[in-house]
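What the coordinates show
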Amino acid sequence: ANYYGRLVSLEGVPISILMQNLTIQSGCSQLVDLPTTPQSFIIMNDVTLKDFVFPADSLVSAVNSTFTANSVFVQNTSSHMILKSSTISLANYSCISNHIIDYQGGCFNLDGSNITISNSTFEKNSASSGGAFYTVNMPPINISGISSNNASLYGQNFASEAVGYNLTLFRI
């Protein structure tokens, strides 16, 4: 029998979470669920998530949080990261071979968040919309050093519902 659960689940109270030097392989749970937690911090340093299955749609789900990921490797998962009204910083982030059939954004589903991405790779990901990213109500995204090769019915790498959406890609 499989156990499905959450590593951290909290509502209404700010929290700081540090995941460092962590490898999870063949896991089947949600890592973080912060649906109403204000001003929380999620930091991932040197983290590997591989062959991860969760029957819901997200590895991390957070609102009004700061999400920082340095040297994070995510491969072959059936889940993505959902971040709303958050600040996101990705450096040396790899998201490879994630397949989310019934959800939007193979790696990230973002709503009203600010994101900065540098020296990162998003390859062979797929979703119903946005092979790597699905965005709503977003300011321009600045990206440097990105490699991408993703698939989706709507938006190979990025898909957005936002009206007047601007996307700026910088390649090094």
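Bear in mind that the values here come from a model prediction, so they are computed numbers and not experimental data. (Residues numbered from 1 in each chain as written. Predicted model: local features only at pLDDT ≥ 70, side-chain atom pairs only at ≥ 80, totals over all residues. Heavy atoms only, no water.)

The subject of this paragraph is the overall build of the protein. A tally of regular secondary structure across the protein gives zero helices and 15 strands. Within the protein, the proportion of its 172 residues that are buried is 46%. A fraction of 70% describes how many contacts in the protein between residues 6 or more apart in sequence connect residues 24 or more apart. Counting every atom, the protein has about 8000 Å² of accessible surface; 49% of that belongs to carbon and sulfur. (Helix = DSSP H or I, 4+ residues; strand = E, 2+ residues; numbered from the N terminus. Buried < 20%, exposed > 50% of the residue type's maximum accessible area, 1.4 Å probe, protein only. Contact = heavy atoms within 4.5 Å. Areas by Shrake-Rupley, 256 points an atom, 1.4 Å probe, with all protein chains shown as cover.)

Attention now goes to the packing of aromatic side chains. Considering all chains together, one arrives at five aromatic pairs under this definition. Measuring from ring centre to ring centre gives 5.4 Å for Tyr93 and Phe108, while their planes differ by 50°; the resulting arrangement is tilted. Taken together, the residues span a long stretch of sequence, with Tyr93 in strand S8 (residues 87-96) and Phe108 in strand S10 (residues 108-111) at a distance of 15 residues. Judged by relative accessible area, Tyr93 falls into the buried class, the value being 1%. (Phe/Tyr/Trp six-rings, centres within 6.5 Å; stacked < 30°, edge-to-face > 60°.)

Of the pairings in the sheet, the one linking strand S2 (residues 16-25) to strand S4 (residues 40-50) comprises nine bridges and is parallel in character. Paired with Leu18 across the strands is Ile43, a residue of S4. (Pairing = 2+ DSSP bridges.)

Within the largest apolar cluster, 34 residues are counted, with the highest numbers of intra-cluster contacts made by Phe67, Leu90, Tyr93, Phe108 and Phe122. For Tyr93, the residues in contact, after removing those within four places along its chain, are Ala69, Val72, Val74, Met81, Phe108, Asn119, Ser120, Thr121 and Phe122. (Core = buried A, V, L, I, M, F, W, Y, C linked by side-chain atoms within 4.5 Å.)

For the protein, the average pLDDT comes to 78, and 76% of its residues sit at 70 or higher. Low pLDDT, under 50, characterises residues 162-168; the predicted model gives this stretch 18 contacts beyond four residues in sequence or across chains. (pLDDT = per-residue confidence, 0-100.)

Next up on the list: the environment of Thr48. Looking at the element boundaries, Thr48 is found in strand S4. If near-sequence neighbours (up to four positions away) are discounted, Thr48 is found in contact with Leu22, Thr23, Ile24 and Phe73.

Below, the discussion takes up the environment of Gly112. Along the chain, Gly112 turns up in the loop between S10 and strand S11 (114-129). Measuring from C-alpha to C-alpha, the distance between Gly112 and Val136 comes to 6.3 Å, with 24 residues separating the pair along the chain. Ignoring sequence-local partners within four residues, the contact set of Gly112 consists of Ser85, Ser86, Val136, Asn137 and Met138.

Summarising the element assignment, Lys50 is placed in strand S4. Sequence separation between Lys50 and Ile96 is 46 residues; the distance between their C-alpha atoms is 9.6 Å.

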